[in-house]
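So the chains spell out like this:
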Amino acid sequence: MEGNGVCKVMAGSRLVHQTSEKSDCATDKKVVKADAYVVACDVPGIKRLLPSQWRESKFFDNIYELVGVPVVTVQLRYNGWVTELQDLERSRQLRQASGLDNLLYTPDADFSCFADLALTSPEDYYIEGQGSLLQCVLTPGDPYMSLTNDKIIERVSKQVLALFPSSQGLEVIWSSVVKIAQSLYREGPGKDPFRPDQKTPVKNFFLAGSYTKQDYIDSMEGATLSGRQASAYICDAGEELVALRKKLAAVESQESAKSNTVTDELSLV
């Protein structure tokens, strides 16, 4: 199989060559060898990495029924605390973070989930003398992809104000917009059965990522749970992976012996 790199994995009794992704800065082909392979990525990512031959398996072919949707992430820094609902004075002071310390969801805005990062992740996002850093995730983000950043910020700010009228008068002092053309898979009727398990038909090849089968939706929490499930499968397959490693070592030894024989014969000519 042609590709930027090759690693060998066993599918049943048949040796399969799996192409590995080439990093942006790499200039040479690279062979990656391991006892087990875990591919943790999103829907567009796994589609790029899977060898086309593997689509002969319904397990892998089902993944192509999932379609990535645009996602727009907006960050808004305020000069006060947006989600402080009980005490107006606390929402205006900048001596101490105040508000809802949680990941939040709403059906009343275009962003499906949001959080004040200055509260939920203060070590990374709290800045002394500044207020809320609201992160809002617009998914699916199709209606926003063609808009300018300024227009996106304007729309999201209005929706934030509608959710938290107590934030009236607070100013956005910094903002950021990140657009991803394909990310989370588009949820719809009949799509859930196409989500793959973390354990695949290839004995030492495992999947992780929030699009894989687990109890949560395509989310950060789902990605975390998928990783835990993948690691559990790998632990359960310990003895099988050891046996597979021995079989592959034997095959490689035979291939090496043949290669040496050919080299010797050519050197005599």
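Note that the structure is a prediction, hence the values are computed from the model and not measured.

This next bit is on the overall build of the protein chain. The number of helices and strands found in the protein chain is 8 helices and 9 strands. For the protein chain, with 269 residues in total, the buried portion stands at 36%. Sequence separation of at least 24 residues holds for 65% of the intrachain contacts in the protein chain that already meet a minimum separation of 6.

Along the chain, arginine 77 turns up in strand β4 (residues 71-78). The side chain of arginine 77 is buried and forms no salt bridge, while aspartate 116, the nearest opposite charge, is found at 6.1 Å.

Side chains Tyr37 and Val39 of strand β3 (residues 37-40) all project onto a buried face; the interleaved residues Val38 and Ala40 project onto a face where none is buried. Judged from the 4 bridges that link them, β3 and strand β9 (residues 205-208) form a sheet pairing that is parallel. Opposite valine 39, over in β9, you have leucine 207 as the bridge partner.

Attention now goes to the sheet that holds β4. Here we have 5 strands laid out as an open sheet, ordered β5-β6-β7-β4-β8, and antiparallel in their pairing. Strands with a single pairing partner mark the edges of an open sheet, and in this sheet they are β5 (104-105) and β8 (172-180). Pairing geometry for β5 and strand β6 (residues 111-116), over 2 bridges, is antiparallel. What sits directly across from leucine 104, in β6, is phenylalanine 114. Strand contacts of helix α6 (residues 149-163): β4, β6, β7 (133-138) and β8, with the helix running at about 65° to β4, the strand carrying the most contacts.

One pass over the structure, following the stated rule, counts 7 aromatic pairs. Seen from their ring centres, phenylalanine 114 and phenylalanine 164 are 6.0 Å apart, and the 75° between their planes marks the pair as edge-to-face. Within this pair, whereas phenylalanine 114 is found in strand β6, its partner phenylalanine 164 is found in the loop between α6 and β8, the two being separated by 50 residues in sequence. Per residue, the accessibility class of phenylalanine 114 equals that of phenylalanine 164, and both read buried.

It is worth spelling out the nonpolar core at this point. Across soluble globular proteins, you tend to see nonpolar side chains buried next to one another. One finds Val74, Phe111, Leu138, Ile152, Val156 and Val160 to be the most contacted residues of the largest nonpolar core, which totals 21 residues. Mapped onto this core, the elements with two or more residues apiece are β4, β6, β7 and α6. Once residues lying within four places of it in the same chain are set aside, the contact partners of valine 156 are Val74, Leu76, Phe111, Cys136 and Leu138. Grouped together as the second largest cluster of nonpolar side chains are 15 residues, Ile46, Leu49, Leu50 and Val202 included.

Let's shift gears to the confidence of the model for the protein chain. Per-residue confidence for the protein chain averages 86 on the pLDDT scale, and 86% of its residues sit at or above 70. Overall, residues 1-26 carries pLDDT values under 50, and its contacts beyond four positions in sequence, including any with other chains, amount to 68 contacts. This model gives residues 262-269 a pLDDT under 50, and the stretch forms 0 contacts once residues within four places in sequence are excluded.

A few words now on α6. Here α6 contains 15 residues, and its C-alpha end-to-end distance of 21 Å stays within 8% of the 21 Å for a straight helix at 1.5 Å per residue. Within α6, the full set of buried residues consists of Ile152, Ile153, Val156, Ser157, Gln159 and Val160. With its buried residues spanning 165° around the axis, α6 presents them on a single face. What points out from α6, more than 90 degrees from its buried face, is the exposed set Asp150, Lys158 and Ala162. Each element contacted by the buried residues of α6 is listed here: β4, β6, β7 and β8.

Another point: the environment of glutamine 214. Mapped onto the secondary structure, glutamine 214 falls in the loop between β9 and α7 (220-236). Taking relative accessible area as the criterion, glutamine 214 reaches 9% and is therefore assigned buried. Considering only alpha carbons, one finds glutamine 214 and proline 196, 18 residues apart in sequence, at a separation of 9.3 Å. Apart from residues lying up to four places away in sequence, glutamine 214 is in contact with Arg195, Gly222, Leu225, Ser226 and Gln229. From its side chain, glutamine 214 meets the backbone oxygen of serine 210 in a polar contact 2.9 Å long. At a separation of 2.6 Å, a polar atom in the side chain of glutamine 214 contacts the main-chain amide nitrogen of tyrosine 216.

Rules used throughout
- Residues numbered from 1 in each chain as written.
- Predicted model: local features only at pLDDT ≥ 70, side-chain atom pairs only at ≥ 80, totals over all residues.
- Heavy atoms only, no water.
- Helix = DSSP H or I, 4+ residues; strand = E, 2+ residues; numbered from the N terminus.
- Buried < 20%, exposed > 50% of the residue type's maximum accessible area, 1.4 Å probe, protein only.
- Contact = heavy atoms within 4.5 Å.
- Lys, Arg positive; Asp, Glu negative; His and termini not counted.
- Salt bridge = Lys/Arg side-chain N within 4 Å of Asp/Glu carboxyl O.
- Pairing = 2+ DSSP bridges.
- Axes fitted to C-alpha atoms, helices over the stretch in contact; angles between N-to-C directions.
- Phe/Tyr/Trp six-rings, centres within 6.5 Å; stacked < 30°, edge-to-face > 60°.
- Core = buried A, V, L, I, M, F, W, Y, C linked by side-chain atoms within 4.5 Å.
- pLDDT = per-residue confidence, 0-100.
- Expected span 1.5 Å × (residues − 1).
- Arc of directions from axis to C-beta.
- Polar contact = N/O pair within 3.5 Å; in protein donor to acceptor, adjacent residues only side chain to side chain.

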